[in-house]
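Here is how the chains run, residue by residue.
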Amino acid sequence: MKTIIKSIYDNYRNFTGAGKVADYIAPLANVSADKYAISVCTIEGEKYNIGDYKEKFSIQSISKVLTLAMLAPLTGEELWECVGKEPSGSPFNSLVQLEYEKGIPRNPFINAGALVITDKLLQKVPDLNNRLLEFARSLAGSNDIDFNKEIADNEYRTGERNKALAHLMKSFGNFNGKVSHVFRTYCNHCSMEMNTEQLAQAFLFLANKGINPLNGEQIVGYRDSKRINALMLTCGLYDESGDFAYRVGMPGKSGVGGGIVAVIPGKLSIAVWSPELNKYGNSCRGIATLADFTTELGISIF
Ligand code: GLN
């Protein structure tokens, strides 16, 4: 494993220029395009890290898995009347589909779906900002995880499209809270900063039947762990989820900060960070790395 990860890292070490660092949230544009890190954690407790794995970055949409995992044990099947479980076939921030599907987002990982999850969570967990940080810290086994206020403030000020999504859903009766409050909370959780080492560790519960291997805590039941993995496989990389399943063969989740985290149930989790994004908003080098990882190791969910 160690040799394969090192050889993939060396192979892609100078792989830049294939995409573009996100700049629609201004502070994200200041991150250097050549950052590159890989971290793997196995459920047996082995860890492999290489590159900029100690450097934290904005996890952005990867946080949508954490909020869904927090909500899953607090809710029943009624959640799926408010948000779907199908790939959207559209960009992560698209408004079009939401209008003709009457304010019900296709899945919890596009922005509209994640806003519904945050809205629902806030009704059950009013102190969501602190609870989400505690949740991430306990999963990662590290207290050194926080929101980035500059990034959250910037997205809150400029995120007109996300506010439009929330208002559109509210007009259809699929949004309970105040748009400003829910959106502010959403911006906070997207601004959460972690490094790949923390991220790989934090997602290991999804490779371990919903149990945090660090302390044996059941985070979600096996049923929800299976379901969250299925949603990551079919929707985790937006309109590139099919290609990701084809090339990589793992349930995964990306964020516009350039992170991708993926799991093989029963085996391991892997986090990759490389900020240059393709047209779908997914890390170019991250996908290439993960594709080689599963092929060269001969392990994937297929
Ligand atoms: N905060 C970002 C947004 O709402 C998250 C998008 C992403 O990471 N794909 O646009």
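Residues numbered from 1 in each chain as written. Predicted model: local features only at pLDDT ≥ 70, side-chain atom pairs only at ≥ 80, totals over all residues. Heavy atoms only, no water.

Below, the discussion takes up the site of the ligand. Neighbouring the ligand are Y24, Q60, S61, F92, N111, E155, N162, Y186, C190, Y238, G255 and V256. Y24 places a side-chain nitrogen or oxygen 2.6 Å from an oxygen atom of the ligand. N111 is positioned with one of its side-chain polar atoms (N or O) 3.0 Å from an oxygen atom of the ligand. Surface burial for the ligand is 99%, taken as the share of its 300 Å² of free accessible area covered by protein chains. (Near = heavy atom within 4 Å. Polar contact = N/O pair within 3.5 Å; in protein donor to acceptor, adjacent residues only side chain to side chain. Areas by Shrake-Rupley, 256 points an atom, 1.4 Å probe, with all protein chains shown as cover.)

Within an α-helix, residues lying three or four positions from one another point in the same direction, as the helix has 3.6 residues per turn. Looking at helix α1 (residues 2–12), one finds that the buried residues are I5, I8, Y9 and Y12. Considered in projection along α1, the buried side chains sweep an arc of 100 degrees and stay on one side of the axis. In α1, those exposed residues whose orientation departs by more than 90 degrees from the buried face are T3 and N11. (Buried < 20%, exposed > 50% of the residue type's maximum accessible area, 1.4 Å probe, protein only. Helix = DSSP H or I, 4+ residues; strand = E, 2+ residues; numbered from the N terminus. Arc of directions from axis to C-beta.)

Moving on to the packing of α1 against helix α12 (residues 284–297). Packing of α1 against α12 brings their axes to within 10 Å, and their N-to-C directions diverge by 145 degrees. Once α1 is placed against α12, the crossing between them reads as right-handed. When α1 is examined against α12, the residues I4, I5, S7, I8, N11 and Y12 are found in contact with a partner set consisting of R285, A288, T289, D292, F293, E296 and L297. (Axes fitted to C-alpha atoms, helices over the stretch in contact; angles between N-to-C directions. Left-handed = near helix turned anticlockwise from the far one by under 90°. Contact = heavy atoms within 4.5 Å.)

This brings us to the pairing of strand β3 (residues 47–51). In regular strands, side chains alternate between the two faces of the sheet. Pairing of strand β2 (residues 37–42) with β3, which is carried by five bridges, proceeds in the antiparallel orientation. Looking at β3, one finds that I38 is bridged to I50. Between β2 and β3, which pair antiparallel in sequence order, lie four residues; one of them, G45, sits at a positive phi of approximately 100 degrees. (Pairing = 2+ DSSP bridges.)

The subject of this paragraph is the side chain of S39. Structurally, S39 can be placed in strand β2. Judged by its relative accessible area of 1%, S39 is buried. Separated by 3.2 Å, the side chain of S39 and the backbone nitrogen of E197 make a polar contact. Other than its neighbours up to four places away in sequence, S39 contacts Y48, N49, Y53, T196, E197, A200, S269, I270 and A271.

Attention now goes to the nonpolar core. Of all hydrophobic cores here, the largest spans 65 residues; its most connected members are L66, M192, L199 and F203. Residue contacts for L199: discarding those within four places in its chain leaves F57, I59, I62, M194, V261 and A271. Grouped together as the second largest cluster of nonpolar side chains are 25 residues, I264, I287, L290 and A291 included. (Core = buried A, V, L, I, M, F, W, Y, C linked by side-chain atoms within 4.5 Å.)

Of all six residues that make up strand β9 (residues 259–264), six are buried, and the element is covered over most of its length. Side chains G259, V261 and V263 of β9 all project onto a buried face; the interleaved residues I260, A262 and I264 project onto the opposite face, where all are buried too. Pairing geometry for strand β8 (residues 252–254) and β9, over three bridges, is antiparallel. Residue pairing across strands places K253 opposite V261, the latter belonging to β9.

Let us now look at the pattern of salt bridges. Tallied over the entire structure, the rule returns 14 salt bridges. Measuring nitrogen to oxygen at the nearest pair gives 3.0 Å for the salt bridge that ties D23 to K20. With relative accessibility at 45%, the residue D23 sits in the partly exposed group. D153 is the partner of K149 in a salt bridge, and the nearest nitrogen-oxygen pair spans 2.8 Å. (Salt bridge = Lys/Arg side-chain N within 4 Å of Asp/Glu carboxyl O.)

Okay, the environment of A112 next. Looking at the element boundaries, A112 is found in helix α4 (residues 111–124). Its relative accessible area of 4% is what places A112 among the buried residues. Here the alpha-carbon distance between A112 and D153, two residues 41 residues apart in the chain, equals 19 Å. Other than its neighbours up to four places away in sequence, A112 contacts L98, P105, L165 and M169.

Further remarks concern the environment of L95. You can see L95 is positioned in the loop between α2 (63–71) and α3 (96–100). For the pair formed by L95 and C284, sequence separation is 189 residues and the distance between their alpha carbons is 25 Å. Dropping the residues within four chain positions of it, L95 is found in contact with R161, A164, L165 and L168.

Next up on the list: unusual backbone geometry. A negative phi holds for most residues other than glycine; trans holds for most peptide bonds. In this model, Q60 sits at a positive phi of 45 degrees, which is unusual for a non-glycine residue. As for its position among the elements, Q60 is in the loop between β4 (57–58) and α2.

Attention now moves to α2. When you tally the buried positions in α2, you get nine out of nine residues, the bulk of the element. The elements touched by buried residues of α2 are α4, α5 (128–140), α8 (179–190), α10 (222–235) and β8.

Before going further, it helps to examine the sheet that holds β2. Taken together, five strands build an open sheet; the order of strands is β3-β2-β10-β9-β8 and the sheet is antiparallel. The open sheet has two edge strands, β3 and β8, and neither has a second partner. The average angle at which neighbouring strand axes cross in this sheet is 10 degrees, direction not considered.

Interpretation note: all reported values are geometric properties and have no functional meaning in isolation.
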